[in-house]
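Chain residues, written in single-letter form:
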Amino acid sequence: MSFEDELLDLLRTKQAYLEGHFLLSSGLHSPNYMQCAKILQFPRIAADLGRRIHEKLAGDVPALDLVLSPALGGIIIGHEVARSWDVPFLFCEREEGRMKLRRFEIRPGQRVVVIEDVVTTGGSTRETIAVAESYGAIIVGIGSIVDRGANPPHFPAVFHSLLKVPLEHYQVESCPLCEREIPLVKPGSRQAKK
Ligand SMILES: [Zn+2]
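Everything in this summary refers to the structure shown in the same document. (Residues numbered from 1 in each chain as written. Predicted model: local features only at pLDDT ≥ 70, side-chain atom pairs only at ≥ 80, totals over all residues. Heavy atoms only, no water.)

Regarding the coordination of the zinc ion
- Each protein donor to the zinc ion is listed here as His-21 (NE2), His-29 (ND1), Cys-175 (SG) and Cys-178 (SG); together their distances run 2.1 to 2.4 Å.
- Every donor counted, the four donor atoms about the zinc ion form angles of 94 to 123 degrees at the centre, which fits tetrahedral coordination.
- In terms of primary sequence, the donors binding the zinc ion are separated according to H-x7-H-x145-C-x2-C. Taken together, the residues His-21 in strand E1 (residues 17–23) and Cys-175 in the loop between strand E8 (159–164) and helix H6 (176–179) connect sequence positions 154 residues apart. (Donors = N, O, S within 2.8 Å, 3.2 Å for Na, K, Ca; no water. Tetrahedral: all angles 85-135°; square planar, octahedral: opposite > 155°, others 65-115°. Helix = DSSP H or I, 4+ residues; strand = E, 2+ residues; numbered from the N terminus.)

Overview of the packing of helix H3 (residues 43–58) against helix H4 (residues 75–85)
- With their axes 8 Å apart at the nearest point, H3 and H4 run at an angle of 60 degrees to one another. Compared by their axis directions, H3 and H4 come out oblique. H3 and H4 meet at a crossing whose hand is right-handed. Facing Pro-43, Ala-46, Ala-47, Leu-49, Gly-50, Arg-51, Ile-53, His-54, Leu-57 and Ala-58 of H3, the residues of H4 in contact are Ile-76, Ile-77, Glu-80, Val-81, Ser-84 and Trp-85.
- Classifying every residue of the contact of H3 with H4 gives eleven nonpolar, three polar and two charged. (Axes fitted to C-alpha atoms, helices over the stretch in contact; angles between N-to-C directions. Parallel < 35°, antiparallel > 145°, perpendicular 65-115°, else oblique. Left-handed = near helix turned anticlockwise from the far one by under 90°. Contact = heavy atoms within 4.5 Å. Nonpolar A, V, L, I, M, F, W, Y, C, P; charged D, E, K, R; others polar.)

As for the nonpolar core
- Leu-11, Leu-49 and Ile-145 are the most contacted members of the largest nonpolar core, which has 33 residues in total.
- For this core, the secondary structure elements donating two or more residues are helix H1 (3–13), helix H2 (37–40), H3, H4, strand E4 (89–95), strand E6 (111–119), strand E7 (138–147) and E8.
- Broken down by element, this core gets its largest block of residues, five residues, from H3.
- If near-sequence neighbours (up to four positions away) are discounted, Leu-49 is found in contact with Phe-3, Leu-7, Ile-39, Leu-40, Ile-77, Ile-145 and Leu-162.
- By size, the runner-up hydrophobic cluster in this structure holds 19 residues, among which are Leu-66, Cys-92, Val-119 and Ile-129. (Core = buried A, V, L, I, M, F, W, Y, C linked by side-chain atoms within 4.5 Å. Buried < 20%, exposed > 50% of the residue type's maximum accessible area, 1.4 Å probe, protein only.)

Observations regarding the pairing of E4
- Most of E4 is tucked away: five of the seven residues are buried.
- Bridge count between strand E3 (residues 66–70) and E4: four bridges; the pairing is parallel. Counterpart to Leu-68 in the pairing with E4 is Leu-90.
- The handedness of the E3 to E4 crossover, carried by H4, is right-handed.
- Here three bridges tie E4 to strand E5 (residues 98–100), and the two strands are oriented antiparallel to one another. (Pairing = 2+ DSSP bridges. Right-handed = clockwise from strand over helix to strand, strands pointing away.)

Focus on the sheet that holds E8
- As summarised here, the arrangement of the six strands in space is E5-E4-E3-E6-E7-E8, forming an open sheet in which the pairing is mixed. In this open sheet, the two edge strands, each paired with only one partner strand, are E5 and E8. Shown here is a sheet whose adjacent strand axes are inclined to one another by a mean of 20 degrees, direction ignored.
- Each of E3, E4, E5, E6 and E7 is contacted by helix H5 (residues 123–134), which is oriented at about 165 degrees to E6, the strand it contacts most.

Remarks on the environment of Ile-76
- Tracing the backbone through its elements, the reader meets Ile-76 in helix H4.
- Between the C-alpha atoms of Ile-76 and Leu-40, which are 36 residues apart in sequence, the distance is 6.9 Å.
- Excluding residues that lie within four positions of it along the chain, Ile-76 makes contacts with Leu-40 and Ala-46.

Thoughts on the pattern of salt bridges
- On inspection of all chains with the given rule, the structure shows eleven salt bridges.
- Across the pair Glu-80 and Arg-83 runs a salt bridge, and its minimum N-O distance is 2.9 Å. A residue pair is termed a helical-turn pair when its members lie 3 or 4 positions apart in one helix, as Glu-80 and Arg-83 do in helix H4 at three residues.
- For Arg-83, a relative accessible area of 54% puts it in the exposed group.
- With a shortest N-O distance of 3.9 Å, Lys-164 and Asp-147 are connected by a salt bridge. Of this pair, Lys-164 sits in strand E8 while Asp-147 sits in strand E7, and the two are 17 residues apart along the sequence.
- In this structure Lys-164 comes out as exposed when scored by relative accessible area, which is 62%.
- On the accessibility criterion, Asp-147 (6% relative accessible area) is buried. (Salt bridge = Lys/Arg side-chain N within 4 Å of Asp/Glu carboxyl O.)

Quick look at the structure:
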């Protein structure tokens, strides 16, 4: 069994990868849902995934000053990647809707890797990259546990993920799961919607 298959199995077992009928934040419907927090609650698993992301990036990133992640999703895995690399870990967070570095500083010329749990469109990753670049940092790599993009994201540096699971989604009007009357679940809430 490849590591990708093992990881997908693990995500299923820990209910981080759910299959059914889900309402996405975009309003679209999907037959599956990924919430990495469900596996990252286990520190030994988080440490192993962090080490693997570090190993994948290390060949392309000979020198690194720090790891930066967006809160909240990227914090645990970013911290583990930084631990494996033995560099500091910083996070940025939203303030009034805008991604900012509220508690830390990055110096011009510092070499930064950006780590996420899941990359889908790459939007929050690009916001995080923009924060680092606004301090004059050099983005030298991007990593995630899961890549859910249908197409390769446009990033200014090399991107590695541990697992590719392209996101499937449907418009409400043409959703085959609605047609089969499978209860729609809004992730984060426990009750199925009628
Ligand atoms: Zn549907």
